[in-house]
Amino acid sequence: PTDDSQQENGDQSSHYGAISPQASSEVQEEPLSTYFEDKVPIPESDNECFSFRKLWAFTGPGFLMSIAYLDPGNIESDLQSGATSDFKLLWVLLYATIIGLLLQRLAARLGVVTGMDLAEICNRQYPTVPRMILWLMIELAIIGSDMQEVIGCAIAFNLLSVGRIPLWGGVLITIADTFVFLFLDKYGLRKLELFFGFLITVMAISFGYEYGLVKPDQGEVLKGMFLPYCPNCGPVQLEQAVGIVGAVIMPHNIYLHSALVKSREVDRKNKKEIKEANKYFFIESSIALLVSFVINLFVVAVFAQAFYNKNNMEVNAVCNATGSPHTDLFPLNNGTLEVDIYKGGVVLGCFFGPAALYIWAIGILAAGQSSTMTGTYSGQFVMEGFLNLKWSRFRRVLLTRSIAIVPTFLVAISKDVQHLTGLNDILNVVQSILLPFALIPILAFTSLTSIMNDFANGLVCKVLGSLVILLVCAINLYFVVVYVTALNSVWLYVIATLVSVVYLCFVIYLAWHCLVALGVSCLDRCSRISNRPAVLIEERSVGDT
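Residues numbered from 1 in each chain as written. Predicted model: local features only at pLDDT ≥ 70, side-chain atom pairs only at ≥ 80, totals over all residues. Heavy atoms only, no water.

On the surface, a cluster of nonpolar side chains totalling about 640 Å² of accessible area is made up of Leu459, Val460, Val463, Leu464, Leu467 and Leu470. Position of leucine 470 among the secondary structure elements: in helix α22 (residues 459–485). A relative accessible area of 58% places leucine 470 in the exposed class. (Patch = residues over 30% accessible without salt bridge, like charges linked within 9 Å, V, L, I, M, F, W, Y side chains within 5 Å. Areas by Shrake-Rupley, 256 points an atom, 1.4 Å probe, with all protein chains shown as cover. Salt bridge = Lys/Arg side-chain N within 4 Å of Asp/Glu carboxyl O. Helix = DSSP H or I, 4+ residues; strand = E, 2+ residues; numbered from the N terminus. Buried < 20%, exposed > 50% of the residue type's maximum accessible area, 1.4 Å probe, protein only.)

Another aspect to go through is the packing of aromatic side chains. The full count for this structure, using the stated rule, is 20 aromatic pairs. With 5.7 Å between their ring centres and 75° between their planes, tryptophan 91 and tyrosine 95 make a pair best called edge-to-face. Within this pair, tryptophan 91 and its partner tyrosine 95 are both found in helix α6 (residues 90–114), separated by four residues, close to a single helical turn. Each member of the aromatic cluster is reached from another via a ring pair, and the members are Phe207, Phe303, Phe307, Phe351, Phe352 and Trp360. The positively charged end of arginine 190 is found above the aromatic ring belonging to tryptophan 56, 5.1 Å away from the centroid. (Phe/Tyr/Trp six-rings, centres within 6.5 Å; stacked < 30°, edge-to-face > 60°. Lys NZ or Arg CZ within 6 Å of the ring centre and 35° of its normal.)

Another aspect to go through is the state of the cysteines. This structure, assessed with the given rule, holds two disulfides. Across the disulfide, cysteine 230 is cross-linked to cysteine 233 (sulfur-sulfur distance 1.6 Å). Residues cysteine 230 and cysteine 233 are joined by a disulfide whose S-S torsion is about -60°; by sign, that bridge is left-handed. Classification of cysteine 230 by relative accessible area gives partly exposed; the value is 24%. There is a disulfide in this structure between cysteine 319 and cysteine 350, and the S-S distance comes to 2.1 Å. Note on the cysteine 319 and cysteine 350 pair: the S-S dihedral is about 110°, so by sign convention the disulfide is right-handed. Residue cysteine 319 is found in helix α15 (residues 312–321), and its partner cysteine 350 is found in helix α16 (residues 341–352); the two are separated by 31 residues along the sequence. Accessibility classification places cysteine 319 together with cysteine 350 in one group, the buried group. Disulfide partners in the protein chain, listed by the sequence order of the bonded cysteines, are 1-2, 3-4. (Disulfide = S-S within 2.5 Å.)

Before going further, it helps to spend a moment on helix α11 (residues 218–226). Of the residues making up α11, those classed as buried are Val221, Gly224 and Met225. Taken down its axis, α11 places every buried residue within 100° of arc, on the same side. Among the structural elements, α6, α10 (189–214) and α14 (271–307) are those in contact with the buried residues of α11. The distance from a side-chain oxygen at the start of α11 to the backbone nitrogen of glycine 219 is 2.9 Å, and the residue carrying that oxygen is aspartate 217. (Arc of directions from axis to C-beta. Contact = heavy atoms within 4.5 Å. Polar contact = N/O pair within 3.5 Å; in protein donor to acceptor, adjacent residues only side chain to side chain.)

For soluble globular proteins, nonpolar side chains are generally found buried alongside one another. Ranked by internal contacts, the top residues of the largest apolar core, which has 149 residues, are Leu134, Phe207, Tyr255, Phe303, Trp360, Phe437 and Phe445. It is α14 that provides the largest number of residues to this core, a total of 17 residues. With near-sequence residues (within four places) excluded, phenylalanine 437 lies in contact with Leu134, Met137, Ile138, Tyr255, Tyr503, Phe506, Val507 and Leu510. (Core = buried A, V, L, I, M, F, W, Y, C linked by side-chain atoms within 4.5 Å.)

Attention shifts here to unusual backbone geometry. The residue lysine 215 is not glycine, and still its phi comes out positive at about 55°. Relative accessible area serves as the criterion here: at 62%, lysine 215 is assigned to the exposed category. One non-glycine residue with positive phi stands out, namely asparagine 453, at about 55°. As for its position among the elements, asparagine 453 is in the loop between α21 (449–452) and α22. We classify asparagine 453 as buried; its relative accessible area is 12%.

Here helix α12 (residues 235–248) is 14 residues long and its end C-alpha atoms lie 20 Å apart, about the 20 Å a rise of 1.5 Å per residue gives. Burial analysis of α12 places 10 of its 14 residues in the buried class, which makes it a mostly covered element. Looking at α12, one finds that the buried residues are Gln237, Gln240, Ala241, Val242, Gly243, Ile244, Val245, Gly246, Ala247 and Val248. (Expected span 1.5 Å × (residues − 1).)

What follows concerns the pattern of salt bridges. Within this structure, the stated rule accounts for seven salt bridges. In this structure, the salt-bridge partner of glutamate 120 is lysine 262, at a minimum N-O distance of 3.1 Å. Residue glutamate 120 is located in helix α7 (residues 118–125), and its partner lysine 262 is located in the loop between α13 (251–260) and α14; the two are separated by 142 residues in the primary sequence. When sorted by exposure, glutamate 120 lands in the same class as lysine 262, which is buried. Among the ionic pairs, glutamate 193 bridges to arginine 264, the shortest N-O distance being 2.8 Å. Of the two residues, glutamate 193 is situated in helix α10 and arginine 264 in the loop between α13 and α14; the sequence distance between them amounts to 71 residues. When its relative accessible area of 8% is taken as the criterion, glutamate 193 is described as buried.

Attention now goes to the side chain of serine 258. On the secondary structure map, serine 258 appears in helix α13. A polar contact is formed between the side chain of serine 258 and the backbone nitrogen of leucine 118, at a distance of 2.9 Å.

Moving on, we get to the environment of methionine 250. The topology assignment puts methionine 250 in the loop between α12 and α13. As a C-alpha pair, methionine 250 and serine 145 span 105 residues in sequence and 8.4 Å in three-dimensional space.

Turning to the packing of α15 against α16, a few remarks are in order. The contact between α15 and α16 brings their axes to 8 Å, and the two run at 60°. Classified by the angle between their axes, α15 and α16 sit oblique to one another. When you trace α15 past α16, the crossing you get is left-handed. Here Val315, Val318 and Cys319 of α15 lie close against α16, whose contacting residues are Val347, Cys350 and Phe351. Residues of the contact of α15 with α16, tallied by class, amount to six nonpolar, no polar and no charged. (Axes fitted to C-alpha atoms, helices over the stretch in contact; angles between N-to-C directions. Parallel < 35°, antiparallel > 145°, perpendicular 65-115°, else oblique. Left-handed = near helix turned anticlockwise from the far one by under 90°. Nonpolar A, V, L, I, M, F, W, Y, C, P; charged D, E, K, R; others polar.)

In structure tokens form, the structure reads like this:
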């Protein structure tokens, strides 16, 4: 190479290497880490614009990330949206997925450019107390999400066994098979990713079968997707729209995606390779979220076409006529039909035959199993990043699963499968409350040139990102307020007020750091986060090693 190119490469080495100067030593310690025991090499290509071979090499992290958009909590939100609002809220699902794509893009860029995930960056940038609070909040989000996923699997086992496997039994089975599947990465990263792809395919076929069976009105589907209005909608539909956003955009998924992209061999000293990786990861994420949107659309459309405006008496009569053993789920009154994952499978079986019920249960099982596994990975990445743990694989899997499984098992013992309708709403509220603890840090750190260098967010991206985060947080805050005001208890109001004060103080603290990162210099007095050179990261990295 010429002297000029050597100088250029040297500049790139110092410029991009300043983010994580000890990256090479950390890579040598990777055998202890889950998911990264082997990194996928990126093939060379003569076509610099686009290469299908390169896209295939980068394919994987985005589909694992997209599973969070297909977990049982999302499926339940979809079917409730269709049953209560017809096709009128499909546009909300579409826009929420697009917003999710923009946020996942930030997470992927952070991981590619820095070689560190969001939890690791938080560990290096925030002081000890805020860092530990942030870690606890994200762990709480993972536990809430995991409860939805594991209970979803347990419900699927109950439906497939015609009630022979109780809820707690399904939870135990899910715990056992999750441990088994999580060690698939010992046989190669690509085999693990193909297994997740298989589970997504099972979901697409299962819910696609239901879509073909019910035959929704295609004109109404298109109108619901592309016309952003909701005629004759009231508080029920508004709350359902907010619930869709809260179910789709999940805090731990931002942390997960920023870690998953580290599984590809990208030379972070080479600006061209970083730019190329960002491009292909964005294309892959777009395809993955398109697939997840189509699967979610199947569920909404099925329940909108078949069960919108149905009342309990109608459903009871049909189930009774078909000899269903679940007729008692639907009281003899004219109340509007209320469905969840369990009742949704039952009514499909009553109206469209036993095959519809069993195929629905298979789809739910695939959704629950895949999201449980990715949730476990999220827990490991978050714990490793925030606490700088270097444990063996088995110890980390055991700890992260125990933290999430214990409350889930307690719920399974205390509840039966027919009385879980309100649990999903509570867990979606928890996810809504915790959402700022992922969105604010990801916007802050991807806007800092001291961390992202030439790949820091530009002005347009900063403004759009800020508006998106404000919108999402406002929507989810409304969801929380509606839920709390429905509690009708003075003591609960008092407790909620006290918790809200502490919560808002911490959100304001994170927002202050975020504004500093966005360039509001008047606030940059004692903030540890700024656009000054990344001395802090270098010092922390040296200290850690």
